[in-house]
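Tertiary structure, described
Now for the letters of each chain:
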Amino acid sequence: MAETIAIIDYGAGNLHSAEKTVVRAAADAGLDHRVIVTSDAKTVRRADRVVLPGVGAFGACRQGLAAIPGMQEALKEAVIENAAPFLGICVGMQLMADRGFEHGDHEGFGWIAGDVTAIKPQAAGLKIPHMGWNEIVLTDNGRRHPALKGLAPGDHAYFVHSYHLVTQNMSQKLAYTEYGHPITAIVGWDNLLGFQFHPEKSQAVGRRLITAFLQWKP
Amino acid sequence: MLKARVIPCLDVKDGRVVKGINFVGLRDAGDPVEQAKIYDAAGADELCFLDITASTDGRDILYDVVQRTAEACFMPLTVGGGVRRVEDVGRLLRAGADKVSVMTAAVKNPSLIADMAEKYGSQCIVVAVDAKQIAPGKWQVFTHGGRTATGIDAAEYAKQAASLGAGEILLTSMDRDGTRDGFDLALTRQIADQVRIPVVASGGAGTLDHLVAGVKEGHASAVLAASIFHFGDYSIAEAKRHMALSGIPVREI
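The sections below set out a description of the structure shown in this document. Keep in mind that what you see is a predicted model, and the values were worked out from it rather than measured. (Residues numbered from 1 in each chain as written. Chains lettered and ligands numbered in written order. Predicted model: local features only at pLDDT ≥ 70, side-chain atom pairs only at ≥ 80, totals over all residues. Heavy atoms only, no water.)

A look at the overall build of chain B
Applied cut-off: Strands are runs of DSSP state E lasting at least two residues, helices are runs of H or I lasting at least four, and both sets are numbered from the N terminus onward. Here the globule rule reads 2.2 Å times residues to the power 0.38, and the radius of gyration is calculated from C-alpha atoms. Exposure is judged per residue with a 1.4 Å probe applied to protein chains only, and the accessible area is read against the type maximum: over 50% gives exposed, under 20% gives buried, and values in between give partly exposed. Between two residues, a contact is recorded if the distance between any of their heavy atoms is within 4.5 Å. Surface exposure here means Shrake-Rupley accessible area, sampled with a 1.4 Å probe, where a residue is shielded only by the protein chains that are shown.
Tallying secondary structure elements over chain B gives eleven helices and eleven strands in all. For 253 residues, the compact-globule estimate of 2.2 N^0.38 gives 18 Å, and the C-alpha radius of gyration of chain B, at 17 Å, lies within 12% of that figure. Across its three principal directions, the C-alpha atoms of chain B cover 45 × 40 × 35 Å. By the burial criterion, 60% of the 253 residues in chain B qualify as buried. Contacts in chain B between residues at least 24 apart in sequence constitute 65% of all its contacts with a sequence separation of at least 6. When the accessible surface of chain B is totalled, it reaches about 9500 Å², and 49% of it is carbon and sulfur.

As structure tokens, then:
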């Protein structure tokens, strides 16, 4: 059955590359999905799958989302009550946490136990932001996750961030990447999935991950 | 481990790539869209699109060309040339750029960097520094393709840009640009060692060993090159293999 994939547009950057990647990934998988970039709460509420991108600061993204009437409630209804598969990307993933400490103290969705804090490089010479291609290392739970089956050892994805999600419940951490210390790369729980990196900027690896997300039946 | 990035650069003049790969069978070597597709398939880590005459002509960048180029990219795209106002960043991001490079306007008014970073986030603000050596261990910022001296010390300016919220420095040696004699390693190292944000080395890459030196001796996080890829001397894969053999962590294709 053709599904509707809603990519939420709340003023956090250009969503065109996310849209184009989802469209191409759906075509790769032979899926006849409808991909909609939307800032309409009703569309999100009825969506079969929801993608929440995010670029910029945690607080600004949170405010952007809150500024759209009914959007937070619609997101909760679609994802938590109707259990539509959800994918958060970059700050969209960080918003899944309990709290974010970028420029102040902000509340997250509380879907993944943990806080978003500044990356503090322990080794000298490590630059902030953590910007570029880094290797995705799956945890035991990550290796068992059906939406991550397309990832092979040595696969790299494109990261750009200065804050990271420190998970409290280790079973919700599905992958990490090394940057002086392990940085959470993928989180997941139930029908929820979050990527710290940008699949839409990660060439073939990114498209494979999106394809798997579109095929995933949690 | 984070990998050193290899970034091909498209120098675009009037919507046409001036240093284009000239492959047999390529329909239009001057079309940035065709070039972007090739680099995406070749596994470039990022792509840089510079409208090299926008600033000197005092005109806006060609948004439609940027948009069509971004269409072909499944990798990060940095766009620069003629960025003067905070709103220019928004327009370029909407056209599909992931990062926007600002130079002349930020030299004239550094607080522009802070305004841009505050509005769009540091991650997408690249400050381009064109530097020329003026004395041993001293480099100065130049604008307008190296023709206009500013009297500003390059390292001091880079530090100021970083503290104002730049996410990356694109550092070009105007002494080496176009020479193919290699990056100015002393300049690159001086700046890379003094700022906490990534530095992209640019200007002068002519061999694969130059790319290696940019990272190993220049301490750059990424190396940018135009001619060595465009003229088909080396492929992205060859560049990465050579860097890997020299002990530099890269994303191999």
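Let us keep going from here.
Here we look at empty space enclosed by the protein
Leftover empty space is mapped by rolling, across the atoms, a probe with the size of a water molecule. Cut-off, in case you're wondering: Here a cavity is any set of points on a 1 Å grid over the protein atoms alone where a 1.4 Å probe fits but cannot get out, and a pocket is any open set with protein on both sides within 12 Å along at least 5 of 7 lines; a residue lines the site when it has an atom within 4 Å of a point. Grid points are joined across faces, edges and corners, and a volume is the space filled by probe spheres set on the points. Put simply, Ala, Val, Leu, Ile, Met, Phe, Trp, Tyr, Cys and Pro go in the nonpolar bin, Asp, Glu, Lys and Arg in the charged bin, and everything else, Gly too, in the polar bin.
Considering all chains together, one arrives at three cavities of 30 Å³ or more under this definition. Lining the largest cavity are 14 residues, with S17 and K20 of chain A together with A70, E71 and G96 of chain B positioned closest to its centre. When contributions to the lining of the largest cavity are tallied by element, the ones reaching two or more residues are α1 (16–28) of chain A together with α3 (63–71) of chain B. For the lining of the largest cavity, the class distribution of residues is five nonpolar, five polar and four charged.

Observations regarding helix α9 (residues 208–216) of chain B
Residue and element names in this part refer to chain B. For the record, the criterion: Between N or O atoms, a polar contact is any pair within 3.5 Å; within protein, one atom must be a potential hydrogen donor and the other a potential acceptor, and residues adjacent in sequence are included only when both atoms are from side chains.
Across the nine residues that make up α9, a large majority, seven, are buried. Residues of α9 that are buried: L208, H210, L211, V212, A213, G214 and V215. Buried positions along α9 lie against α8 (185–192), β11 (222–225), α10 (227–230) and α11 (236–245). Residue T207 occupies the N-cap position of α9, its side-chain oxygen lying 3.3 Å from the main-chain nitrogen of D209.

Side note on the environment of M170 of chain A
Following the sequence through the fold, M170 of chain A ends up in the loop between β11 (163–167) and β12 (173–179). Linking M170 of chain A and V187 of chain A, residues 17 residues apart in sequence, is a C-alpha distance of 9.5 Å.

Regarding the interface of chain B and chain A
Keep this limit in mind: Take the accessible area each of two parts loses on contact, using a 1.4 Å probe, and add the two losses: that sum is the buried area. For this document, the term salt bridge refers to a Lys or Arg side-chain nitrogen within 4 Å of an Asp or Glu carboxyl oxygen.
At the junction of the two partners, chain B supplies 31 residues and chain A supplies 27 residues. Interface area, chain B with chain A, both sides summed: about 2400 Å², of which 53% is carbon and sulfur. Put simply, chain B and chain A have one salt bridge between them. At the boundary of chain B and chain A, one finds 20 residue pairs in polar contact (both at pLDDT 80 or more). Taken together, the elements giving at least two residues each to the side of chain B that touches chain A come down to α3 and α4 (86–95) of chain B. The class makeup of the residues in the side of chain B that touches chain A is 14 nonpolar, five polar and twelve charged.

Brief notes about the sheet that holds β12 of chain A
All names here are of chain A. Convention followed: Strands pair, by our definition, only if DSSP identifies at least two bridges between them.
Spatially, eight strands are ordered β2-β1-β3-β4-β14-β13-β12-β9 in an open sheet, and the strand pairing comes out mixed. The sheet terminates laterally at β2 (34–38) and β9 (137–138), the two strands that pair on one side only. Inspection of the sheet shows strand β1 (residues 4–8) paired to strand β3 (residues 49–52) by three bridges, in the parallel sense. From the neighbouring strand, A6 faces β3, where its bridge partner is V50.

Quick look at the side chain of D45 of chain B
Structurally, D45 of chain B is set in the loop between α1 (32–42) and β3 (47–51). Residue contacts for D45 of chain B: discarding those within four places in its chain leaves W133 and Y158 of chain A together with A4, R5, V6, M75, P76, K240 and R251 of chain B.

Things to note about unusual backbone geometry
What is expected of a backbone is that most residues other than glycine have negative phi and most peptide bonds are trans. Residue and element names in this part refer to chain A. The linkage connecting I128 with the following residue, P129, adopts the cis geometry, with an omega of 5°. Phi at H103 is positive, roughly 50°, even though this residue is not glycine. Considering the arrangement of structural elements, one finds H103 in the loop between β5 (99–100) and β6 (106–107). Looking at H103, the relative accessible area reads 65%, which means it is exposed.

Notes on the environment of G203 of chain B
Residue and element names in this part refer to chain B. Looking at where G203 falls in the secondary structure, it is placed in the loop between β10 (199–202) and α9. Separated by 20 residues in sequence, G203 and F183 have C-alpha atoms that sit 5.7 Å apart. Not counting the four nearest positions on each side in its chain, G203 is found in contact with T172, S173, R176, D177, G182, F183 and D184.

Re α1 of chain B
Residue and element names in this part refer to chain B. For α1, the complete set of buried residues consists of P32, V33, E34, Q35, A36, Y39 and D40. The residue sitting at the N-terminus of α1 and contributing the capping side-chain oxygen is D31; that oxygen lies 3.0 Å from the backbone nitrogen of V33. One or two positions beyond α1, positive phi appears at G43, with a value near 85°.

Description of the nonpolar core
Where we set the bar: By convention a nonpolar core is built from buried Ala, Val, Leu, Ile, Met, Phe, Trp, Tyr and Cys residues, the set being connected through side-chain atoms within 4.5 Å.
Ranked by size, the top nonpolar core spans 78 residues in total, and within it L92, I125, V127, I169, L211, F229 and M243 of chain B carry the most contacts. Residues in contact with M243 of chain B, not counting those within four places in the same chain, are A4, V6, L211, V212, V215, V223, I248 and V250 of chain B. Counting 62 residues, the second largest nonpolar core, distinct from the first, contains V22, A26, M93 and L193 of chain A.

A word on the packing of α1 of chain B against α3 of chain B
Residues and elements named next belong to chain B. As a reminder of what qualifies: Axis definition: a line fitted to C-alpha atoms, over the contacting stretch in the case of helices. Angles run 0 to 180 degrees between N-to-C directions. In this scheme, roughly parallel covers angles under 35 degrees and roughly antiparallel covers those over 145, while 65 to 115 is roughly perpendicular and the rest are oblique. Handedness of a crossing is defined here by the sense of rotation of the near helix relative to the far one, left-handed for an anticlockwise turn of less than a right angle and right-handed for a clockwise turn.
Close contact between α1 and α3 brings their axes to 8 Å; oriented N to C, the two are set at 25°. For the element pair α1 / α3, the angle class is roughly parallel. You can see that α1 and α3 cross each other, and the crossing is right-handed. Across from P32, V33 and A36 in α1, the residues of α3 making contact are V65, R68 and T69. Class assignment for the residues of the contact of α1 with α3 results in four nonpolar, one polar and one charged.

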